[in-house]
Amino acid sequence: AKAAGRNAVRHYRSDLIKLQNTNFSLLQQLRDAIENQEFELYFQPKYQLKSGQIIGAEVLLRWPQADGSIIPPDQFIPLAERSGLIIELGNWVIERTFAQIAEWKQVIGQQIPVAINISAIQFRDDNLVSQLTEQAEKYHLDADKIELELTESLLLSDTFSVQKQLDTLNEKGFSFSIDDFGTGYSNLRHLQNFHASVLKIDRAFICNLSTSERDQSLVAAIVNMSRALGLETIAEGIEDEATRELLISLGCDQGQGYLWSPALPVHNFIQLYPA
Ligand code: C2E
Ligand code: CA
Ligand code: CA
Ligand code: CA
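All values derive from a computational prediction rather than experimental measurement. (Residues numbered from 1 in each chain as written. Chains lettered and ligands numbered in written order. Predicted model: local features only at pLDDT ≥ 70, side-chain atom pairs only at ≥ 80, totals over all residues. Heavy atoms only, no water.)

Enquirer: It is not clear to me how the nonpolar core should be interpreted in this structure. Could you clarify?
Expert: One recurring pattern in soluble globular proteins is that nonpolar side chains are buried together. Counting residues in hydrophobic clusters, the biggest one holds 77 residues, and the most contacted among them are Phe39 and Phe98. With eleven residues, the top contributor of residues to this core is helix H4 (residues 86-108). Residues within four places of phenylalanine 39 in sequence aside, it is in contact with Leu30, Ala33, Ile34, Leu61, Arg62, Trp63, Pro64, Phe76, Leu89 and Trp92. (Core = buried A, V, L, I, M, F, W, Y, C linked by side-chain atoms within 4.5 Å. Buried < 20%, exposed > 50% of the residue type's maximum accessible area, 1.4 Å probe, protein only. Helix = DSSP H or I, 4+ residues; strand = E, 2+ residues; numbered from the N terminus. Contact = heavy atoms within 4.5 Å.)

Enquirer: For this particular structure, what's the right way to read the site of ligand 1?
Expert: Around ligand 1, the structure places 22 residues, and the nearest of them are Gln44, Arg62, Asn117, Glu239 and Tyr258. Take glutamate 58: an N or O atom from its side chain is 3.2 Å from an oxygen atom of ligand 1. Within the side chain of glutamate 239, one N or O atom sits 2.5 Å away from a nitrogen atom of ligand 1. Across the complex, the protein chains shield 85% of the 800 Å² of accessible surface that ligand 1 would expose by itself. One can see that ligand 1 is located within the largest pocket. Considering each element in turn, the shell around ligand 1 owes the most residues, four residues, to strand S2 (residues 54-64). Across the shell around ligand 1, the residue classes tally to eight nonpolar, six polar and eight charged. (Near = heavy atom within 4 Å. Polar contact = N/O pair within 3.5 Å; in protein donor to acceptor, adjacent residues only side chain to side chain. Areas by Shrake-Rupley, 256 points an atom, 1.4 Å probe, with all protein chains shown as cover. 1 Å grid on protein atoms, 1.4 Å probe; cavity = no way out; pocket = protein on both sides within 12 Å on 5 of 7 lines; lining within 4 Å. Sits in = over half its atoms within 2 Å of the grid points. Nonpolar A, V, L, I, M, F, W, Y, C, P; charged D, E, K, R; others polar.)

Shape descriptors only; they carry no functional weight alone.
Structural data, given as structure tokens:
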């Protein structure tokens, strides 16, 4: 217990040190924005590469401002993570996304598969599992059409409790994908513990694919490795037809990117589904 206490203190200290580099007015704005529910969910469609068929969406957070501009998540998610606000914000994203999926289900008669980004910090919260399962129940959703996008840093961050939560969510039927693959510390052994069904190839490998032979070799290797592990692959950041065709030839299964569409507000996204 003493060791655990010491660890807690150390955690607390390192959080304080991180916050020393923080813009406190932005932190206060973020806190207020969460309280006032100022955020908006955008949905970026995902496609089957070969058939071109839409297969669902990734939900991406936006923070609209009074002047009509929008603050992108890269400008507040890191702060939300450092300050711990990501727990509250993430729970809001889960609840609102599920409510949206349920509403669409009424309109088009099917549950659209949606992927939600879950940051590693959210797994420090013991309530994540109950938030996901209770909200899925409340909105009568099939967990297996809800995908959680996780990064590899998750399995490096903690050990036992994270694995336990992943196992429980897996038992409840949620599916997992590994986001930003190839950018961090990739460890094949960790991948197996994820119960992941999809591996997302980071945009860094995709954006120069049609001109870079090196990137083509890397993507080919990632696709082959995924197959060996029984995982499907999705490429993010596909911006042109040449890249799509290359990815098909390399055996990649799915894609998303500006070739089809950026992340869209709700009313624009649902128009991609014929009534
Ligand atoms: P990510 O999960 O890797 O999301 C992919 C990012 O690539 C998104 O940026 C998306 O808009 C962008 N993107 C998609 N297609 C293209 C393309 O063809 N070209 C280019 N240049 N970009 C493309 P976005 O929406 O700004 O999100 C940035 C990051 O913020 C996300 O990266 C994710 O890590 C984080 N994020 C967004 N929403 C949430 C959320 O609800 N919860 C958490 N924890 N993180 C979130
Ligand atoms: Ca993602
Ligand atoms: Ca990504
Ligand atoms: Ca990324």
